[in-house]
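The lines below spell out each chain.
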Amino acid sequence: EVYEAQHQSAINVLFLPLGRYSNVEEQAAQMRAGGLTCHVVAETWPSHAEVSQFGVAAILHRPLLGVEDAGFVPPPPQSQPASPSKPQQAPSPLRPEVPPRATGGDLVGVPAQQGAPQRQHVAQVVSVQKHEAKPMAMVTLNDPTLAREVVSRCPAAIGLAPVKAVEAVPQDPRAFFILWEGSPNSLSEADFRAFFELW
């Protein structure tokens, strides 16, 4: 949902959970530099556990276009008759009810249409193969157009690790090699996945 919202330029505020990714403050700074309002959710915030569970959350300034048809949101559950012995509890004025959603906590959600076709959202990153001895990796994405964009634009840094070079893999238009400064353990597979999911 968050990737689709970014693709449609519908994100108003982005939230990253502290402790879920390494160098999260640096990632937030990069997103702010790219024009996004990004906040790091501290572990003391009540919403930290929920945001950390999904990895990222966002507040939208408008509903997503075509999200129901794409199957990002499941249809609402069938309503059950209220039990006569237990009256239905009124919604709390401090926490209004929100529609059910597929992912992302209460911060991201749009009304669902019953009977919409179901399809899981596909992550952008297919695989990350790190070199054992050198600070480099081969990253494979789902979209060859996105891979070409990464090669042409070459990110300045991933987390706190400056990127030295990005080169396309001739045998696979969806893949590219990326070389960074520092040790091979400066970046983890999770760091690459978090960075390129929001590219």
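Thresholds, definitions, all that
- By convention here, each chain's residues receive numbers from 1 onward along its written sequence.
- Given that the model is predicted, a residue must reach a pLDDT of at least 70 before its local features are reported, and side-chain atom pairs must reach 80 or more before they are shown or counted; all residues, however, enter totals for whole chains, interfaces and linings.
- For side-chain calculations, the full set of non-hydrogen atoms in the structure is used, while hydrogens and water are omitted.
- Pairing between two strands requires that DSSP report at least two bridges joining them.
- Helix and strand assignments come from DSSP, with helices taken as H or I runs of at least 4 residues and strands as E runs of at least 2, each series counted from the N terminus.
- Note on contacts: a residue pair is in contact if any heavy atoms of the two residues lie within 4.5 Å.
- Lines fitted to the C-alpha atoms define the axes, with helices restricted to the stretch that makes contact. Angles between their N-to-C directions range from 0 to 180 degrees.
- Only protein chains enter the accessibility calculation, which uses a 1.4 Å probe; a residue is then buried when its area is under 20% of its type maximum, exposed when over 50%, and partly exposed in between.
- His residues and chain termini do not enter the charge count, which takes Lys and Arg as positive and Asp and Glu as negative.
- A carboxyl oxygen of Asp or Glu within 4 Å of a side-chain nitrogen of Lys or Arg is what we treat as a salt bridge.
- To be clear, the arc concerns the directions from the helix axis to the C-beta atoms.
- The definition of a polar contact used here is a pair of N or O atoms within 3.5 Å, where within protein one atom must be able to donate a hydrogen and the other to accept one, and adjacent residues in sequence count solely through side-chain atom pairs.
- Pairing of aromatic rings covers Phe, Tyr and the six-membered ring of Trp, with a centre-to-centre limit of 6.5 Å; geometry is then stacked below 30 degrees between planes, edge-to-face above 60, and tilted otherwise.

Trainee: Just to check I follow, could you spell out the pairing of strand β8 (residues 172-180) for this structure?
Mentor: Across five bridges, strand β5 (residues 136-141) lies against β8 in antiparallel orientation. Looking across to β8, one finds that T140 is bridged to A175. Bridge analysis of strand β7 (residues 161-169) against β8 gives six bridges, and the strand direction is antiparallel. By the bridge assignment, V163 is partnered in β8 with W180. Linking β7 back to β8 in an antiparallel pair, the connection comprises two residues.

Trainee: Teacher, can you tell me more about the sheet that holds β7 here?
Mentor: Each strand in a sheet pairs with another by means of backbone hydrogen bonds, the pair being arranged parallel or else antiparallel. Taken together, the five strands give an open sheet; going across it, the order is β4-β5-β8-β7-β6, and neighbouring strands pair in antiparallel fashion. The open sheet terminates on both sides in strands that have one partner only, identified here as β4 (125-130) and β6 (157-158). Pairing between β4 and β5: five bridges, direction antiparallel. Bridge assignment links V128 to a residue of β5, and that residue is V139. Sheet strands in contact with helix α6 (residues 189-197) are β4, β5, β6 and β8, and its direction is about 145° off that of β4.

Trainee: Would you mind showing me how to read the side chain of E197 here?
Mentor: Within the secondary structure, E197 is located in helix α6. One buried charge, E197, has no salt-bridge partner; the nearest side chain with opposite charge is R193, at 5.8 Å.

Trainee: Mind showing me how you'd approach the pattern of salt bridges here?
Mentor: Note that side chains of opposite charge can pair when their charged atoms are close. The tally for this structure, following the rule as stated, stands at three salt bridges. When the shortest N-O distance is used, the salt bridge between R153 and E149 registers 2.5 Å. Of this pair, R153 and E149 both sit in helix α5 (residues 144-153), four residues apart, roughly one helical turn. For the salt bridge of R193 with E189, the shortest nitrogen-to-oxygen distance reads 3.0 Å.

Trainee: Any chance you could explain the sheet that holds strand β3 (residues 57-60) here in plain terms?
Mentor: Read across the sheet, three strands follow the order β2-β1-β3 without closing on themselves; strand pairing throughout is mixed. Whereas interior strands pair on both sides, the edge strands pair on one side only; in this sheet they are β2 (38-41) and β3. Put simply, the sheet's adjacent strands are angled 20° from each other on average, direction ignored. The pairing of strand β1 (residues 11-17) with β3 spans four bridges and is antiparallel. In the sheet register, L14 faces β3, and the bridge partner there is A58. Of the strands in this sheet, β1 and β2 are in contact with helix α2 (residues 24-33), which crosses β2 at around 165°.

Trainee: I'm lost on α5 in this one. Help?
Mentor: Count 3.6 residues to each turn of an α-helix, and residues three or four apart come out pointing the same way. Every buried residue belonging to α5 is among L146, A147 and V150, and all of these are buried. Each buried residue of α5 sits inside an arc of 105° when the element is viewed along its axis, so together they form one side. Every exposed residue of α5 that faces more than 90 degrees away from the buried side is listed here: R148 and S152. For α5, the N-terminal cap is D143; the gap from its side-chain oxygen to the backbone nitrogen of T145 is 3.0 Å.

Trainee: Is there a simple way to think about the packing of aromatic side chains in this case?
Mentor: Pairs of aromatic rings are described using the distance from one ring centre to the other and the angle between the two planes. Here the structure, examined in full by the defined rule, presents three aromatic pairs. Taking the centre distance of 5.4 Å and the plane angle of 65° together, the rings of F176 and F196 count as edge-to-face. With F176 in strand β8 and F196 in helix α6, the pair connects residues that are 20 residues apart, well separated along the chain. The same class applies to F176 as to F196, namely buried.

Trainee: Please explain the environment of N142 as it appears in this structure.
Mentor: Assignment of secondary structure puts N142 in the loop between β5 and α5. Expressed as a C-alpha distance, the spacing of N142 and R174, which sit 32 residues apart in the sequence, is 6.4 Å.

Taken by themselves, the reported measurements are silent on function.
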